[in-house]
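Structural features, examined
The chain contents come next:
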Amino acid sequence: MKNMGKLFLLSLLFFSFTTLNAKEINDKVALNGIKTAKSVFLIDFTNAAKTAFYLRVIEGTHKGFVNQGVKPKMVLVFIGETVKYLSTKQDEAFEMENEEHLMSIQESIKNISKLGVRMEVCAVATKVFNVDNNTIPKEMDIVADGFISLIGWQTQDHKLVPIF
């Protein structure tokens, strides 16, 4: 019993010490004085798993801004092969092989849309990769050229976040 008391006191002291010395993890130095953050993400992936992963990360980035008192104004521009993973109609074999990732992508598209994030899909890419524009989720906008869109958003002071 005496050893239990010592163990309890040591544990209490350890946790108190680590809590007092633990640094708060945030982005307040980078966000100093910022009320709104305008960003444009250039998204160009070559597999469904990576697309699913980063869409969840982007959801978290939006929430991170909000939690730190900054209003995010985000635009996602999808180019290249990535457009294949956005489609609601997949080749049966590909869909069976990537079902979990494809479901995650569709879920993230809905979640990101609810956050008020604009999502654009490059029509040049859908043509090159034979993706029917009618299979792109309704939460997304088809734009004529993802590069032109990207330049337009940057000209409107959105900061580029390239992920590929």
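**Quick notes on the packing of helix α2 (residues 48-67) against helix α5 (residues 99-114)**
Put simply, α2 and α5 touch, their axes get as near as 9 Å, and they point 25 degrees apart. Considered as vectors, α2 and α5 are oriented roughly parallel to each other. The handedness of the crossing between α2 and α5 comes out as left-handed. Across from A48, A49, T51, A52, L55, R56 and E59 in α2, the residues of α5 making contact are H101, L102, S104, I105, S108, N111 and I112.

**Let's talk about the sheet that holds strand β2 (residues 71-78)**
The 5 strands lie next to each other as β4-β3-β2-β1-β5, forming an open sheet whose pairing is parallel. The two strands at the open ends of the sheet, each matched to only one other strand, are β4 (141-143) and β5 (159-163). Strand-to-strand twist across the sheet, computed as the mean angle between neighbouring axes with direction ignored, equals 25 degrees. Here β2 runs beside strand β3 (residues 118-122); their pairing, made up of 4 bridges, is parallel. Residue pairing for β3: F78 is matched across the bridge by V121.

The rules behind each value
- Residues numbered from 1 in each chain as written.
- Predicted model: local features only at pLDDT ≥ 70, side-chain atom pairs only at ≥ 80, totals over all residues.
- Heavy atoms only, no water.
- Axes fitted to C-alpha atoms, helices over the stretch in contact; angles between N-to-C directions.
- Helix = DSSP H or I, 4+ residues; strand = E, 2+ residues; numbered from the N terminus.
- Parallel < 35°, antiparallel > 145°, perpendicular 65-115°, else oblique.
- Left-handed = near helix turned anticlockwise from the far one by under 90°.
- Contact = heavy atoms within 4.5 Å.
- Pairing = 2+ DSSP bridges.

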